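So you can see what is in the structure, the chains are spelled out below.
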Amino acid sequence: MLNREEALNIYKKRNAYLKGHFKLSSGLHSEYYLQSALVLQYPHDAWQLCSSVAEHFRGMKIDVVVAPAMGGILVSYDVARALGNSIRSIFAERVDGKLTLRRGFNISEDDNVLIVEDVVTTGKSVKETIDLVKRYSEHIVGVGALVDRGGSFNTNSIDYFALIKLDITNYEPDDCPLCKRGIPLEKPGSRFIKR
Ligand SMILES: [Zn+2]
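Just so you know, these numbers come straight off a predicted model, no measurement behind them. Sequence order as written defines the numbering, with residues in each chain counted from 1. pLDDT decides what is reported in this predicted model: residues at 70 or higher carry local features, side-chain atom pairs at 80 or more are listed and counted, and totals for whole chains, interfaces and linings draw on all residues regardless.

K.L.:
Explain the packing of helix H3 (residues 43–57) against helix H4 (residues 73–83) to me, using residue names and the numbers behind them.
P.N.:
Between the N-to-C directions of two axes lies an angle of 0 to 180 degrees, each axis being a line fitted to C-alpha atoms and, for a helix, fitted only over the stretch in contact. Segments assigned H or I by DSSP are reported as helices when at least four residues long, segments assigned E as strands when at least two residues long, and all are numbered from the N terminus. Where H3 contacts H4, the axes come no closer than 8 Å and their chain directions differ by 60 degrees. What the angle tells us is that H3 and H4 run oblique. When the axes of H3 and H4 are compared, the crossing they make is right-handed. Counting all contacts with H3, which are made through Ala46, Trp47, Cys50, Ser51, Val53, Ala54 and Phe57, the residues of H4 involved are Leu74, Val75, Asp78, Val79, Ala82 and Leu83. Three residue categories are used. Nonpolar comprises Ala, Val, Leu, Ile, Met, Phe, Trp, Tyr, Cys and Pro, charged comprises Asp, Glu, Lys and Arg, and polar comprises the others, including Gly. Looking at the contact of H3 with H4 residue by residue, the classes come out as 11 nonpolar, 1 polar and 1 charged. Should an angle lie under 35 degrees it is considered roughly parallel, over 145 roughly antiparallel, and from 65 to 115 roughly perpendicular; all remaining angles are considered oblique. In this scheme the handedness of a crossing depends on how the near helix is turned from the far one: anticlockwise by less than a right angle means left-handed, clockwise means right-handed. Two residues qualify as a contact pair if the distance between their C-beta atoms, derived from the backbone, is within 7 Å.

K.L.:
If you had to explain the nonpolar core to someone new, which residues and values would you point to?
P.N.:
Under the definition applied here, buried Ala, Val, Leu, Ile, Met, Phe, Trp, Tyr and Cys residues are grouped into a nonpolar core through C-beta atoms within 7 Å. For the exposure call, what matters is how many other C-beta atoms sit within 10 Å of a residue's own: 20 or more marks it buried, 12 or fewer exposed, and in between partly exposed, using C-beta atoms placed from the backbone. Membership of the largest hydrophobic core comes to 48 residues, with the highest contact counts inside it found for Leu49, Val65, Val66, Val79, Ile115, Val116 and Leu146. When neighbours within four sequence positions are excluded, Ile115 is seen to be in contact with Val66, Val126, Thr129, Ile130, Val133, Ile140 and Val143.

K.L.:
Lay out unusual backbone geometry in plain terms, naming residues and giving numbers.
P.N.:
With an omega dihedral of -5 degrees, the bond running from Ala69 to Met70 counts as a cis peptide bond. Among the structural elements, Met70 can be located in the loop between strand E3 (64–68) and H4. A positive phi is found at Asp96, a non-glycine position, where the angle reads about 50 degrees. Mapped onto the fold, Asp96 is located in the loop between strand E4 (88–95) and strand E5 (98–101). The exposed category is assigned to Asp96, around which 5 C-beta atoms lie within 10 Å.

K.L.:
Describe the pairing of strand E7 (residues 140–148), with residues and values.
P.N.:
Across the 9 residues that make up E7, a large majority, 7, are buried. Bridge analysis of strand E6 (residues 113–120) against E7 gives 7 bridges, and the strand direction is parallel. Bridge pairing links Val116 to Gly144 in E7. Call a crossover right-handed when, viewed with both strands pointing away from you, the route from the first strand across the helix to the second goes clockwise. Each parallel crossover has a hand, and for E6 linked through helix H5 (residues 124–134) to E7 it is right-handed. Criterion used throughout: strands pair if DSSP finds at least two bridges between them. Where E7 lies against strand E8 (residues 160–165), 5 bridges are found, and the strand directions are parallel. Counterpart to Val147 in the pairing with E8 is Ile164.

Keep in mind these values describe shape, not function.
This is how it looks when you write it as structure tokens:
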């Protein structure tokens, strides 16, 4: 099982933990950006990280692992694989902006559900996934993540474990010190796209 430093070092090694001036999907600005896809493209790295998240939930009764698409899909897959033979891995995807189970995926009312995500910032997608799962089953055993950026996410009564906990400040665009210093704003992912 990886500890926090070892896990963060994998992100650094794969250039997936970037310093600069980024616009997050929430609209907030930040000095740091995490691109899990760059780590998860290496199946061995993905396995090390996800099996370390799974360790936190080992021994709990889990039938299905659910993630919001896209970022969580591979995390769900490897966490489920690490947890045991008959555990399913499914994902929710957006239809007209709302998270939905498609492709014949289903959760029965008796299923014990673990929710996972790659990077949690505000926790908005995770909260939406919790709301979606509750329409099927009341048995949510926990929420697991590779990274918590240090947002205000709180699951109240649900067990929440993030392998890498960071304390990254996000700024409102109107109140961003990086903007004030004139540092060019990058959109996440844009530096990886050839133009
Ligand atoms: Zn800014």
